[in-house]
Amino acid sequence: MPVFLRTHLTALRMLLVMTVILGIAYPLLITGIGQLAFPAKANGSVVSNDGKEIGSSLLGQSFDLPKQNPDDPNEQARPDPKWFQPRPSAGGYDPKSSGASNLGPNSADLLKAVEERRAAVAAFDGVDPASVPPDALTASGSGLDPQISVAYAKEQVQRVAKARGVSPDRLDRLIGQYTDGRSLGFLGQGGVNVVLLNRAVADLT
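In this text, all values refer to a predicted model and were calculated from it rather than measured experimentally. (Residues numbered from 1 in each chain as written. Predicted model: local features only at pLDDT ≥ 70, side-chain atom pairs only at ≥ 80, totals over all residues. Heavy atoms only, no water.)

Counting secondary structure elements, the chain contains 7 helices and 5 strands. Taking 205 residues into account, the globule formula puts the C-alpha radius of gyration at 17 Å, and the chain, at 24 Å, lies well above it. Across its three principal directions, the C-alpha atoms of the chain cover 85 × 45 × 40 Å. Taken across its 205 residues, the chain has 28% of its residues classed as buried. (Helix = DSSP H or I, 4+ residues; strand = E, 2+ residues; numbered from the N terminus. Rg over C-alpha atoms; globule rule 2.2 N^0.38 Å. Buried < 20%, exposed > 50% of the residue type's maximum accessible area, 1.4 Å probe, protein only.)

Set out below in structure tokens:
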């Protein structure tokens, strides 16, 4: 057999072997380990309510009132006072549009958006505009962050308690329950997972 033919056959055998190992066996092994050891995380950390999938604890989502005119694409979303609200999202919490606004700190558009959000959040939560936390005014880099600061969660307690007719103390305890600590114990600040918090709030009434 000519040398060039033996070389090509050897390369073809290696291609087939590595395809089986890396393209079939390895993915199946890792998938199996994930399903056995971390089934919830491996399947997207899905959050359910009465057997119905309502979101993922890894992805933020909006908690708005139903549209008054569902056929009007220009109708502005109105936050629902019965729920803790997430931080703003440049992509409207659409997983297909993950990303930031790309507006720099000197952007007049960003400054305008921040001031408009400050006024809206203060009016919605019934607080002094100066006390609105920064994460209530700016979107996350991904636009899908499910966490808000403890300060922003605490700011919303009175509004949610009034809308639902529950004790603010019960909401405070839930905030503590769904507050994640710093990454590795020292990086960043603790945050409250709004998706999980609202899932627990739904069980209060």
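Looking at the largest pocket, its volume works out to about 620 Å³. Lining the largest pocket are 23 residues, and of these Asp-64, Pro-79, Gln-85, Pro-86 and Pro-88 lie nearest its centre. By residue number, the principal contributor to the lining of the largest pocket is helix H3 (residues 108–125), which donates 5 residues. In terms of residue class, the lining of the largest pocket is built from 11 nonpolar, 6 polar and 6 charged. (1 Å grid on protein atoms, 1.4 Å probe; cavity = no way out; pocket = protein on both sides within 12 Å on 5 of 7 lines; lining within 4 Å. Points joined across faces, edges and corners; volume = space filled by probe spheres on them. Nonpolar A, V, L, I, M, F, W, Y, C, P; charged D, E, K, R; others polar.)

What follows is about the sheet that holds strand S3 (residues 147–149). Within the open sheet, the 3 strands sit side by side as S3-S5-S4. Their pairing is antiparallel. One side of each edge strand has no neighbouring strand; the edge strands of this open sheet are S3 and strand S4 (179–180). Strand direction decides the pairing type here: S3 and strand S5 (residues 191–193), joined by 3 bridges, are antiparallel. Bridging across to S5, Ile-148 finds its partner in Val-192. In the packing of helix H7 (residues 194–201) onto the sheet, the strands contacted are S3 and S5, and the crossing angle to S5 comes to about 55 degrees. (Pairing = 2+ DSSP bridges. Contact = heavy atoms within 4.5 Å. Axes fitted to C-alpha atoms, helices over the stretch in contact; angles between N-to-C directions.)

In this section: the packing of aromatic side chains. In this structure the tally under the stated criterion is 1 aromatic pair. Aromatic pair Phe-63 and Trp-83: ring centres 6.0 Å apart, planes at 40 degrees, arrangement tilted. Note that Phe-63 is positioned in the loop between strand S2 (52–56) and H3 and Trp-83 in the loop between S2 and H3, a separation of 20 residues in sequence. Above the face of the Trp-83 ring, Arg-164 is positioned so that its terminal group lies 4.2 Å from the ring centre. (Phe/Tyr/Trp six-rings, centres within 6.5 Å; stacked < 30°, edge-to-face > 60°. Lys NZ or Arg CZ within 6 Å of the ring centre and 35° of its normal.)

The next thing to look at is helix H1 (residues 3–37). For H1, built from 35 residues, the straight-helix expectation of 51 Å at 1.5 Å per residue is met to within 8% by its first-to-last C-alpha distance of 49 Å. Considering bend angle alone, the principal kink of H1 is centred on Ala-25 and spans about 30 degrees; proline Pro-27 follows within four residues of it. (Expected span 1.5 Å × (residues − 1). Bend = angle between axes of the 7 residues up to and from the residue.)

With respect to the helices and strands, the residue Gln-85 is situated in the loop between S2 and H3. Residue class for Gln-85 comes out buried when judged on its relative accessible area of 8%. Dropping the residues within four chain positions of it, Gln-85 is found in contact with Phe-63, Asp-64, Pro-79, Asp-80, Phe-124, Ile-148, Tyr-152, Gln-156, Arg-159 and Val-194.

For the pair helix H5 (residues 157–164) and helix H6 (residues 168–177), interaxial distance at closest approach is 9 Å and the crossing angle is 125 degrees. If you check the angle between H5 and H6, you find them oblique. Where H5 crosses over H6, the two elements pack in a sense that is right-handed. From H5, Val-157, Gln-158, Val-160 and Ala-161 reach across to H6, where they touch Pro-168, Leu-171, Asp-172 and Ile-175. The residue makeup of the contact of H5 with H6, split by class, is 6 nonpolar, 1 polar and 1 charged. (Parallel < 35°, antiparallel > 145°, perpendicular 65-115°, else oblique. Left-handed = near helix turned anticlockwise from the far one by under 90°.)

This part covers unusual backbone geometry. Even without a glycine there, the phi angle at Tyr-93 is positive, about 60 degrees. Looking at where Tyr-93 falls in the secondary structure, it is placed in the loop between S2 and H3. On the basis of relative accessible area, Tyr-93 is assigned to the buried category, the value being 12%. For Asn-102, which is not glycine, the phi torsion reads 65 degrees and is therefore positive. Its place among the elements puts Asn-102 in the loop between S2 and H3.

Pairing of strand S1 (residues 46–49) with S2, which is carried by 4 bridges, proceeds in the antiparallel orientation. When the bridges of S2 are listed, Asn-49 appears paired with Lys-52. Hairpin remark: S1 followed by S2, antiparallel, with 2 residues in the connecting loop; positive phi at Asp-50, about 55 degrees.

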